[in-house]
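# Structural features, examined
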Amino acid sequence: MGTWLSKVSPPRSTGWSALPPELLDLVLRRLSSYADRLRLASVCRHWRLIAMRYSVPTLPPVLPWLNFHDGTFLSLPDGERHTFRFSKYGHCVGSFSPGWLLFEKAERRRPGRQRHFLKSLLLKTTVRLPGRCSEPVDLNPDGSLSTGSGSTRSRFFIISKVIVCSGDLIAAKVNYRRHRPCAVVCCRPGMSSWSTGLCNGRWYRDMAFYKGKLYTVTTEGHLFVHGVTNDGDNGEPRVSRVEQVIQAPPPFKFTLDGPYATVGCNRMCYLVVSRTGKLLMVRWIVPCDCRSSEDSKMTLKVFEADFDMSRWLQVESLGDQVLFVSSYSSKAFSASSHHCHYLRGNQIFFIDDGLMSCRLWTTSKPRTCCMYDMSRNTIHSISLGNLHINDLSKASWFFLG
């Protein structure tokens, strides 16, 4: 898989196979790095079989890697760098569903047109996605369908997020022009085109698959559900309805100390499913006034979806949970399930992937990957070594399971 696997050679001694399975299970539970688990399993055939048969289903999930989209990955918590060769599949666009990477490759004979692939590093599986997408159908203010749209298919569209909902259903957030609101479409492996999406004029910031349904959240924090049904004629999946289920939380205003008056703020919203089965929204708020360099002016607020009352409930504490969020993928972890000192409950790890122009920290101290402590309302940077995240060099969390 990667060059780092050559660091540990299987020992010649046959005594390793005498290790009791119960002891090996305890060792595996204390390894939060995926690379360390692979090294342990590569020691001998006996260890590999024990790891696969007895421990893997009950092991706590490994900590994510940082994917820099060029074949470079940074492992947490050890900071080890891993390198993979992706030239065969083109440019890595991002990490989305756990274990899957999205690749974009230009067609040589058709300039400007792209092919998209989903690849799993763990399953060693590659899925080619449709190269066409039906034009979205515009929705009228009353929710009815507009006429004259959705009848043509185009090769020129942008995929901003992909979710592998199940073995035969894939959903994507797409748009045809960067300055046009996006739509949610879906497909099954082998389909020649993505389905027709429904466009209601909203800008969806993130998308999540929760309890068998697709949800999107806007920049303001409005939550929408997208109903997926099978077409009666050909049986292919399609988005049949879009409904707003929760209004955005009240707007937030910063009041800066000193000569600055109350200023507006910029927002990023992320959807993540909690360890207790709740749908959470993490709203990252940054003042638009960049003259202040104090990191404390930035904040992250967490809300829980209350579907019975159609509202967001603010979460004051995450308890034992730790959230990893980014525009590409997000996931919740349990701090107590990892026997390491890296994770503490009530923390949010996030990536500066969309607010570079209005971040509070100065350019002399760039912080592109950070941890927000909800208990203390403080932000701590994460060292990336000589790696950087900026507008040209994107990054995302890569969850291995």
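By the naming in an unreviewed UniProt entry, the protein is F-box domain-containing protein, taken from Digitaria exilis.

All right, on to the overall build of the protein then. Counting its secondary structure elements, the protein contains 3 helices and 29 strands. Every one of the 401 residues in the protein was classed for burial, and the buried ones make up 51%. Taking contacts inside the protein between residues at least 6 apart in sequence as the whole, the part at least 24 apart equals 55%. Here the protein displays about 19400 Å² of accessible surface, and carbon together with sulfur accounts for 50% of that area.

Looking now at the pairing of strand β6 (residues 114-120). Across the 7 residues that make up β6, a large majority, 5, are buried. Where β6 and strand β7 (residues 125-128) come together, 4 bridges link them in antiparallel fashion. Each residue of the ladder has a partner; that of K119, found in β7, is T126.

Another aspect to go through is the sheet that holds strand β12 (residues 169-175). Strand order across the open sheet formed by 3 strands is β11-β12-β13, with antiparallel pairing between neighbours. The open sheet terminates on both sides in strands that have one partner only, identified here as β11 (158-166) and β13 (183-187). Going across the sheet, the axis of each strand differs from the next one's by a mean of 25 degrees, ignoring polarity. As defined by bridge partners, β11 adjoins β12 across 7 bridges and the pair is classed as antiparallel. Across the sheet, residue K161 finds its bridge partner in β12, namely K173.

Bringing the sheet that holds strand β1 (residues 65-67) into the picture now. On the basis of which strands lie adjacent, the open sheet formed by 4 strands has the order β3-β2-β1-β29 and antiparallel pairing. Strands with a single pairing partner mark the edges of an open sheet, and in this sheet they are β3 (81-83) and β29 (396-398). For this sheet, the mean angle separating the axes of adjacent strands, direction not counted, is 35 degrees.

Moving on: the pattern of salt bridges. One pass over the structure, following the stated rule, counts 5 salt bridges. The salt bridge partner of R311 is D306, with a shortest N-O separation of 3.3 Å. Among the residues examined, R311 registers a relative accessible area of 40% and is labelled partly exposed.

Turning our attention to the environment of T125. Here T125 lies in strand β7. With a relative accessible area of 31%, T125 lands in the partly exposed category. Sequence spacing of T125 and W100 is 25 residues, and the spatial spacing of their C-alpha atoms is 9.2 Å. Not counting the four nearest positions on each side in its chain, T125 is found in contact with W100, L118, K119 and S120.

As a further point, take the packing of aromatic side chains. Within the structure shown, the criterion is met by 12 aromatic pairs. Each ring, one from F333 and one from F399, has its centre 6.1 Å from the other, and the planes form 40 degrees; the classification is tilted. With F333 in strand β25 (residues 331-334) and F399 in the segment after β29, the pair connects residues that are 66 residues apart, well separated along the chain. Summarising the burial analysis for this pair, F333 and F399 share the class buried. Here the aromatic cluster, defined as three or more aromatic residues joined through ring pairs, consists of F324, F333, F349, W397 and F399.

We now examine the side chain of S193. Mapped onto the secondary structure, S193 falls in strand β14 (residues 193-194). Of the residues examined, S193 reaches a relative accessible area of 4% and is grouped as buried. Reaching out from S193, the side chain makes a polar contact with the backbone oxygen of R132 at a distance of 3.4 Å.

It is worth spelling out the pairing of strand β28 (residues 378-381) at this point. In the sheet, strand β27 (residues 369-373) pairs with β28 via 4 bridges, with the strands oriented antiparallel. Residue pairing across strands places M371 opposite H380, the latter belonging to β28. The hairpin formed by β27 and β28 contains 4 residues between the paired strands, and N377 there has a positive phi angle of roughly 55 degrees.

With that settled, consider the side chain of T218. Here T218 shows up in strand β17 (residues 213-218). Non-local contacts of T218, meaning those with residues more than four positions away in its chain, are made with R202, W203, Y204, R205, F224 and C269.

What the rule picks out here adds up to 0 disulfides. Note on C133: no disulfide assigned, nearest cysteine sulfur contributed by C187 at a separation of 9.4 Å.

When pLDDT is averaged along the protein, the result is 76, and 69% of the positions lie at 70 or above. By mean pLDDT, strand β10 (residues 153-154) is the weakest element of the protein at 59, and strand β23 (residues 311-315) is the strongest at 96. Low confidence marks residues 1-11, where pLDDT is under 50. Its contacts with residues over four positions away, or in another chain, come to 23 contacts.

Rules used throughout
Position numbers for residues count from 1 along each chain, tracking the sequence in the order it is written. Side-chain atom pairs in this predicted model are given and counted only at pLDDT of 80 or more, local residue features only at pLDDT of at least 70, and totals for whole chains, interfaces and linings cover all residues. Just so you know, side-chain values use all the structure's heavy atoms and leave hydrogens and water out. Secondary structure follows DSSP: runs of H or I at least 4 residues long count as helices, runs of E at least 2 residues long count as strands, and numbering of each begins at the N terminus. Buried residues are those whose accessible area, probed at 1.4 Å on protein chains only, stays under 20% of the maximum for their type, while exposed residues exceed 50% and partly exposed ones sit between those limits. Pairs of residues are marked as contacts when any of their non-hydrogen atoms sit within 4.5 Å. Surface accessibility in these figures is a Shrake-Rupley result with a 1.4 Å probe; residues are shielded only by whichever protein chains are displayed. Think of it this way: DSSP has to see at least two bridges between two strands before they count as a pair. Axis lines are fitted through C-alpha atoms, for helices just across the contact stretch, and the angle between N-to-C directions can take any value from 0 to 180 degrees. We define a salt bridge as a side-chain nitrogen of Lys or Arg found within 4 Å of a carboxyl oxygen belonging to Asp or Glu. Stacked, tilted and edge-to-face are the three classes applied to pairs of Phe, Tyr and Trp rings, where Trp contributes its six-membered ring and a pair requires centres within 6.5 Å; stacked means planes under 30 degrees apart, edge-to-face means over 60, and tilted covers the rest. Identification of polar contacts relies on pairs of N or O atoms within 3.5 Å, with a donor-acceptor requirement for protein atoms, meaning one able to donate a hydrogen and the other able to accept it, and with residues adjacent in sequence counted only if both atoms are side-chain atoms. Criterion for a disulfide: a pair of cysteine sulfur atoms within 2.5 Å. Per-residue confidence from the predictor is reported as pLDDT, which spans 0 to 100.

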